[in-house]
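Coordinate inspection notes
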Amino acid sequence: MKMNYDVLVIGGGHAGCEAAAAAANMGAKTCLVTMDMNKIAQMSCNPAVGGIAKGQIVREIDALGGQMGLVTDATAIQFRMLNRSKGPAVWSPRAQCDRERFIWQWRTTLDATDNLDIWQDQADELLVENGRAVGVRTIWGAELRAGSVVVTAGTFLNGLMHIGRKMVRGGRIAEPAVTGFTESITRHGITAGRMKTGTPVRIDRRSVHFEDMEIQDGETDYHRFSFMGTGRVLKQLPCWTCYTNREVHDTLRSGLADSPLYNGQIQSIGPRYCPSIETKLVTFPDKDLHPLFLEPEGENTNEMYLNGFSSSLPMDIQIAALRHIPAFRDIKVYRPGYAIEYDFFDPTQLKHSLESKIISRLFFAGQVNGTTGYEEAGGQGLVAGVNAAMACGGGNPFVMHRDESYIGVLIDDLVTKGVDEPYRMFTSRAEFRILLRQDDADARLTERAYELGLAKRERYDHWKKKQEYIERIESFCKNTPVKTQDINPALEKLGTTPLREGCKLADLISRPQLSIQALADILPAFKAVLDTPADRKEEIAEAVEIRIKYKGYVERERMVAEKMHRLENIKIKGRFKYSEMQQLSTEARQKLQAIDPETLAQASRIPGVSPSDINVMLVLMKR
């Protein structure tokens, strides 16, 4: 049996779902191939979305017309805005979700998407003709042909799970691995490697002594993931915290000889920033305790997730160690933690569109590119899906720069620098993070997404109305004078210096001690201007306040970004024979030849290429 499509997406995880939805919403006839339709967008590890920098990615996906933010808001059972003690450049939303509802919310979303079919099967062989991907053949003999193919296979390619010395082939617990598909790709010259990740034990809440833990409630304010959302609809649940102790550590150390991480069983690369509990003991031998977070898996389940206790130690060691923690002295578990090894493909073999440099019309997204995390996967999936659809229609690739989005930073890091460990996004990876705040993702991206045909008219109109409110309020603040006699008594009560002479309202908002809400309570005329739609009032006020308070920082960072754009405009691909350029360092020649950067700016970000190497190229180009 043969089926024909514009875009074929292989894998129904977070990257695959965003890729399929994006391509279909762009008008491409799309098919999502997944092994189990009942586990679409399965949250294989923690059922949580967002976190430091990851939350910004989800807001960007939403601003572009993607689905992850809407699905998260509909299934959230606890929401928090992280990094509130710091500046808004690093505020990051995070939500614990109901795992089962998250799957079905995504399934409902995909079922309602025009131009999108779902085919339950397993890809067995990539079909390539004349250097171009043209489809896949499945294990059941179906042949699916397409103008573009997007591979989002997650951890399933030659997946191998570990608990102690026991090894079982699988893509995740109780699900089979995919064998042979990696080899059908690498035979065409694409390089693959192996990575490792892990997940913690799942605990029965009925066996937990919560009186020995510290409760951690969520937040119930107006913040959410989707700019289009109306807030959280499910019951909000608490999380809980506790700590390991010396007895826990001694028990864990007794099992290190059987740990696949330390007995030579696992040779592949693991995530440095989400280490297993045994790695923490080895890396930080002097620490007597490590924090643990017990988080609910859903609104109506007893299953709980122990964040901070990822492990591949023997199951008896894991359980015995946990019973030394007072809250877990009578612990019952649903299953132990485990590690998993899987194939990935070197991302330096990709263009910024996530299309392969070796096989045309073949796109990769998610963990197969060496990343870790649902959010990083979803952002890549959306970009790959858009570009797969654009390739079928002959449009220009959709690429975001490093000052446009965290997704742009993520993809540029992958294709320029490559990975030597599972890549996780942090705010520190973005040099323009004041421009890439979670609050202004719609201002950065929605209009561009609408021009692409990705964001729909409703979303575009929603943003334009918000923009109108923001500009009206900001203009009022910049142009409205405030007299000393009207404001000084209130300023003294608020703990800030009284005015010596009148000033503009924006000058008062710029003070760190003052907020728009505090000033609105003092100045009736200002309160009237802030009277925007009730469901968006606080969001709009926050946007205005950040723009005014951080105006100088934003303008300075934008100037730096504009200088970088000048290097982005200098195209160098195909202009140099790097192997013959003796003026460059040996390392620079090797790296430049391997990656073959598109622009001088990309070349400048390649590890091993120095500023002097860049100057040499500028001189040779007579620039």
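Residues numbered from 1 in each chain as written. Predicted model: local features only at pLDDT ≥ 70, side-chain atom pairs only at ≥ 80, totals over all residues. Heavy atoms only, no water.

The next point concerns the overall build of the protein. A count of helices and strands for the protein gives 21 helices and 21 strands. Judged by the C-alpha coordinates and their principal axes, the protein covers about 80 × 70 × 50 Å. Burial status across the protein gives 59% buried among its 623 residues. The long-range fraction of contacts in the protein, counting pairs at least 24 apart against all pairs at least 6 apart in sequence, stands at 73%. On the protein, roughly 25,700 Å² of surface is accessible, and the fraction owed to carbon and sulfur atoms is 49%. (Helix = DSSP H or I, 4+ residues; strand = E, 2+ residues; numbered from the N terminus. Buried < 20%, exposed > 50% of the residue type's maximum accessible area, 1.4 Å probe, protein only. Contact = heavy atoms within 4.5 Å. Areas by Shrake-Rupley, 256 points an atom, 1.4 Å probe, with all protein chains shown as cover.)

This part is about the state of the cysteines. A complete count under the given rule lists 0 disulfides for this structure. Free of any disulfide, Cys17 has its nearest cysteine sulfur in Cys31, 13 Å distant. On the accessibility criterion, Cys31 (1% relative accessible area) is buried. (Disulfide = S-S within 2.5 Å.)

On to the sheet that holds strand S3 (residues 48-50), then. The 3 strands are arranged S3-S5-S4 in an open sheet whose pairing can be described as antiparallel. A strand with exactly one partner marks an edge of an open sheet, and here the two such strands are S3 and strand S4 (76-82). Averaged over all pairs of adjacent strands, the angle between their axes in this sheet comes to 15°, without regard to strand direction. Summarising the sheet, S4 and strand S5 (residues 92-97) pair through 6 bridges and their orientation is antiparallel. The partner of Phe79 across the bridge, within S5, is Ala95. Packing against the sheet, helix H2 (residues 54-63) makes contact with S3 and S5, and its axis sits at approximately 85° to S5. (Pairing = 2+ DSSP bridges. Axes fitted to C-alpha atoms, helices over the stretch in contact; angles between N-to-C directions.)

All right, on to the packing of helix H9 (residues 374-393) against helix H10 (residues 406-417) then. Contact geometry for H9 and H10: axes closest at 10 Å, N-to-C directions at 85°. What the angle tells us is that H9 and H10 run roughly perpendicular. Of H10, the residues touching H9 (which contributes Glu376, Gly379, Gln380 and Val383) are Ile407, Leu410, Ile411 and Leu414. (Parallel < 35°, antiparallel > 145°, perpendicular 65-115°, else oblique.)

Attention now moves to empty space enclosed by the protein. The tally for this structure, following the rule as stated, stands at 5 cavities of 30 Å³ or more. Within this model, the largest cavity holds a volume of roughly 100 Å³. Forming the boundary of the largest cavity are Arg59, Tyr222, His223, Arg224, Ser226, Phe227, Asp439, Lys466, Glu539, Glu542 and Ala543. Here the lining of the largest cavity gets 3 residues from one element, more than from any other, and that element is helix H17 (residues 537-549). (1 Å grid on protein atoms, 1.4 Å probe; cavity = no way out; pocket = protein on both sides within 12 Å on 5 of 7 lines; lining within 4 Å. Points joined across faces, edges and corners; volume = space filled by probe spheres on them.)

Attention now goes to the layout of surface pockets. By rolling a water-sized probe across the atoms, one finds the places where empty space is left. Size it by volume and the second largest pocket reaches roughly 530 Å³. What lines the second largest pocket is a set of 25 residues, and nearest its centre among them are Arg437, Asp440, Arg547, Val554 and Arg558. Considered class by class, the residues forming the lining of the second largest pocket number 7 nonpolar, 2 polar and 16 charged. (Nonpolar A, V, L, I, M, F, W, Y, C, P; charged D, E, K, R; others polar.)

Our focus in this paragraph is the pattern of salt bridges. Oppositely charged side chains are able to pair whenever their charged atoms sit close together. By the definition in use, this model includes 51 salt bridges. For Arg202, the salt bridge is made with Glu297, and the minimal N-O distance between the two is 3.1 Å. Placement of the pair is Arg202 in strand S12 (residues 192-204) and Glu297 in the loop between strand S15 (291-296) and strand S16 (303-310), with a sequence separation of 95 residues. Sharing partners across several salt bridges, the network here consists of Lys2, Glu125, Glu129, Arg137, Glu143, Arg145 and Arg187. (Salt bridge = Lys/Arg side-chain N within 4 Å of Asp/Glu carboxyl O.)

Bridge count for strand S1 (residues 2-10) against strand S9 (residues 143-151) is 8 bridges, and the pairing is parallel. Following the sheet pairing, Tyr5 is matched in S9 by Ala146. Pairing of S1 with strand S2 (residues 30-34) involves 4 bridges; the strand directions are parallel. Directly across from Val7, in S2, lies its bridge partner Thr30. A crossover links S1 with its parallel partner S2, the connecting element being helix H1 (residues 14-25), and its sense is right-handed. (Right-handed = clockwise from strand over helix to strand, strands pointing away.)

To continue, consider the packing of aromatic side chains. The final tally for this structure, using the stated rule, is 8 aromatic pairs. On the basis of an interplanar angle of 50° and a centroid distance of 4.7 Å, the ring pair of Phe210 and Trp240 is categorised as tilted. With Phe210 in the loop between S12 and strand S13 (214-216) and Trp240 in strand S14 (residues 239-243), the pair connects residues that are 30 residues apart, well separated along the chain. Neither Phe210 nor Trp240 differs from the other in exposure class; each is buried. When the ring centre of Phe227 is taken as origin, the NZ or CZ atom of Arg59, which lies over that ring, is 3.9 Å away. (Phe/Tyr/Trp six-rings, centres within 6.5 Å; stacked < 30°, edge-to-face > 60°. Lys NZ or Arg CZ within 6 Å of the ring centre and 35° of its normal.)

The buried count for H2 comes to 10 of 10 residues, which makes it a mostly enclosed element. Taken together, the buried positions of H2 are occupied by Lys54, Gly55, Gln56, Ile57, Val58, Arg59, Glu60, Ile61, Asp62 and Ala63. Remark: Gly65 follows H2 within two positions and exhibits a positive phi of approximately 100°.

Further remarks concern the environment of Phe345. Inspection of the secondary structure assignment puts Phe345 in strand S18 (residues 338-345). On a C-alpha basis, the gap between Phe345 and Arg558 in space is 34 Å, while along the polypeptide they are 213 residues apart. Beyond its immediate stretch of four places on either side in the chain, Phe345 contacts Leu157, Thr182, Ile185, Thr186, Ile190, Thr191, Ala192, Phe364, Val368 and Asn369.

Looking at the element boundaries, Glu247 is found in helix H6 (residues 246-254). Once the C-alpha coordinates of Glu247 and His324 are considered, the two residues, 77 residues apart in sequence, prove to be 6.2 Å apart.

To continue, consider helix H21 (residues 611-620). A turn of α-helix holds 3.6 residues, and therefore any two residues three or four places apart point the same way. Where H21 is concerned, the buried positions are Asp613, Ile614, Met617 and Leu618. Summarising the axial view, the buried residues of H21 lie within an arc of 145°, below the 170-degree limit, and thus occupy one face. Residue Lys622 follows H21 closely and has a positive phi angle near 60°. (Arc of directions from axis to C-beta.)

So, on to the environment of Glu598. Mapped onto the elements of the fold, Glu598 is located in the loop between helix H19 (586-595) and helix H20 (600-604). Separated by 575 residues in sequence, Glu598 and Ala23 have C-alpha atoms that sit 25 Å apart. The contacts of Glu598, once residues within four sequence positions are left out, are Ile570, Lys571, Ile572 and Lys573.

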